[in-house]
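Coordinate analysis (summary)
Residues per chain are reported as follows:
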Amino acid sequence: MWKRGSSSNKIWTVTVSPELQDRTPLVMVHGFGGGVGLWILNMDSLSARRTLHTFDLLGFGRSSRPTFPRDPEGAEDEFVTSIETWRETMGIPTMILLGHSLGGFLATSYSIKYPDRVKHLILVDPWGFPLRPTDPSEIRAPPTWVKAVASVLGRSNPLAVLRVAGPWGPGLVQRFRPDFKRKFADFFEDDTISEYIYHCNAQNPSGETAFKAMMESFGWARRPMLERIHLIRKDVPITMIYGANTWIDTSTGKKVKLQRPDSYVRDMEIEGASHHVYADQPHIFNAVVEEICNSVD
């Protein structure tokens, strides 16, 4: 918890294996509309040998929902500052930083500003990297549910339809994203995960409004990270993990390598996984991330 002006912000945090302090901790940052609960298939495995921290981004889940700046740079800086303030408050000197989707974009921005704190940057299907192509034929089509949400909402915030739906919201999540229930079937036989996602997004749209300020349309960032990734210090290693069936542009990994010729950059695809790699193929994902962590210490 920390003060910002006259108000205080809280970051909802889950820490596993805090007693394992002899290795660099792993910090996992969720994507748009998510929260700590979506890492449930990964927490046990990835905390077996080191401390694992997950938190709800400012403006999402159970964290505080302040008013963000309305410009893309200001909104991004607010997120990054909140991550650094959280790190200071938690007393974490250095970390292995993993971000999924929007979390990958913000983890990269954080690493540009605070490279001393990052031992290895792991980007999982990161959002907001490529420049928007001028040729429409080069644009990879997003899944139907993304297009449906975008067309329904027009200029409103991306998840406004969930809040308007009220008590029908969890059913709407299940209808738009039945795949989430399947992904977490080993843990939940009922609609727990649909209800969790609904309640993560049924409150004041704080982080959501910030995301809207940062995006040009759902798949593109106003300030693409490919234009800035060279600013991360050369000695920060980067691994990029994609789902082989994702709607995110997987060629970004190759382009990052070209931007960082004197640095460690590894990119890989996990077969049988789409955008939510960590939930589609959790065993393979956990093994890959554990291997990366073991390479640090």
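Conventions and cut-offs
- Residues numbered from 1 in each chain as written.
- Predicted model: local features only at pLDDT ≥ 70, side-chain atom pairs only at ≥ 80, totals over all residues.
- Heavy atoms only, no water.
- Phe/Tyr/Trp six-rings, centres within 6.5 Å; stacked < 30°, edge-to-face > 60°.
- Helix = DSSP H or I, 4+ residues; strand = E, 2+ residues; numbered from the N terminus.
- Buried < 20%, exposed > 50% of the residue type's maximum accessible area, 1.4 Å probe, protein only.
- 1 Å grid on protein atoms, 1.4 Å probe; cavity = no way out; pocket = protein on both sides within 12 Å on 5 of 7 lines; lining within 4 Å.
- Points joined across faces, edges and corners; volume = space filled by probe spheres on them.
- Nonpolar A, V, L, I, M, F, W, Y, C, P; charged D, E, K, R; others polar.
- Axes fitted to C-alpha atoms, helices over the stretch in contact; angles between N-to-C directions.
- Parallel < 35°, antiparallel > 145°, perpendicular 65-115°, else oblique.
- Left-handed = near helix turned anticlockwise from the far one by under 90°.
- Contact = heavy atoms within 4.5 Å.
- Salt bridge = Lys/Arg side-chain N within 4 Å of Asp/Glu carboxyl O.
- Core = buried A, V, L, I, M, F, W, Y, C linked by side-chain atoms within 4.5 Å.
- pLDDT = per-residue confidence, 0-100.

**Examining the packing of aromatic side chains**
Enumeration over the complete set of coordinates arrives at 10 aromatic pairs. Measuring from ring centre to ring centre gives 4.8 Å for Trp-39 and Tyr-278, while their planes differ by 50°; the resulting arrangement is tilted. Taken together, the residues span a long stretch of sequence, with Trp-39 in the loop between strand S4 (26-29) and helix H1 (43-46) and Tyr-278 in helix H11 (residues 277-280) at a distance of 239 residues. With a relative accessible area of 3%, Tyr-278 lands in the buried category.

**Some words on empty space enclosed by the protein**
The full count for this structure, using the stated rule, is 3 cavities of 30 Å³ or more. The volume enclosed by the second largest cavity comes to roughly 60 Å³. Forming the walls of the second largest cavity are Arg-23, Ser-45, Leu-46, Ser-47, Ala-48, Arg-49, Arg-50, Glu-290, Cys-293 and Asn-294. Taken together, the elements giving at least two residues each to the lining of the second largest cavity come down to H1 and helix H12 (282-296). The element contributing the most residues to the lining of the second largest cavity is H12, with 3 residues. Counted by class, the lining of the second largest cavity contains 3 nonpolar, 3 polar and 4 charged residues.

**What to know about the packing of helix H2 (residues 72-90) against helix H9 (residues 206-214)**
Axis angle and axis distance: for two packed helices, these are the angle between their axes and the distance between the axes, and together they describe the pair. At their nearest, the axes of H2 and H9 sit 8 Å apart, and the two run at 135° to each other. In terms of axis orientation, H2 runs oblique to H9. Here H2 runs over H9; the crossing is left-handed. From H2, Pro-72, Ala-75, Glu-76 and Phe-79 reach across to H9, where they touch Gly-207, Ala-210, Ala-213 and Met-214.

**Observations regarding the pattern of salt bridges**
This structure, assessed with the given rule, holds 12 salt bridges. Ionic pairing is found between Arg-228 and Glu-76, a salt bridge with its closest N-O pair at 2.7 Å. Residue Arg-228 is found in the loop between strand S9 (220-221) and strand S10 (238-243), and its partner Glu-76 is found in helix H2; the two are separated by 152 residues along the sequence. We classify Arg-228 as buried; its relative accessible area is 13%. Here Arg-87 ties to Glu-84 by a salt bridge, and the two come within 2.8 Å at their closest N and O atoms. One end of the pair, Arg-87, and the other, Glu-84, are both in helix H2, 3 residues apart, so they sit about a helical turn from each other. This pair shows no difference in class: Arg-87 is buried, exactly as Glu-84 is.

**Looking at the packing of H2 against helix H3 (residues 102-113)**
Relative to each other, H2 and H3 sit at 70°, their axes nearing to 9 Å. Comparing the axis directions of H2 and H3 gives the class roughly perpendicular. Side by side, H2 and H3 meet where Glu-76, Phe-79, Val-80, Thr-81, Ile-83, Glu-84 and Arg-87 of the first sit next to Phe-105, Leu-106, Ser-109, Tyr-110 and Lys-113 of the second.

**Remarks on the nonpolar core**
When a protein is soluble and globular, its nonpolar side chains tend to lie buried together. Core analysis: the biggest nonpolar cluster contains 45 residues, and Leu-97 and Leu-121 have the highest contact counts within it. Elements supplying a minimum of two residues to this core: S4, H2, strand S6 (95-100), H3, strand S7 (118-124), H9 and S10. When sequence neighbours within four positions are dropped, the list of residues in contact with Leu-121 reads Leu-97, Ala-107, Thr-108, Ser-111, Ile-232, Val-236, Pro-237, Ile-238 and Thr-239. By size, the runner-up hydrophobic cluster in this structure holds 24 residues, among which are Val-124, Ile-270, Tyr-278 and Ile-292.

**Let's talk about the layout of surface pockets**
Of the voids in this model, the second largest pocket is the one considered here, and its volume is about 210 Å³. Taken together, 16 residues form the lining of the second largest pocket, with Gln-21, Arg-23, Pro-25, Thr-51 and Pro-93 sitting closest to its centre. Considering only residue class, the lining of the second largest pocket consists of 6 nonpolar, 7 polar and 3 charged.

**Focus: the confidence of the model for the chain**
Close inspection of predicted coordinates is inappropriate for parts of the model with low pLDDT. For the chain, mean pLDDT is 82; residues scoring 70 or higher make up 73% of the total. No element of the chain has a lower mean pLDDT than strand S1 (residues 2-4), which averages 42, and none a higher one than S7, which averages 98. A low-confidence stretch, residues 161-173 stays under pLDDT 50, and its non-local contacts, those more than four residues away or across chains, total 25 contacts.

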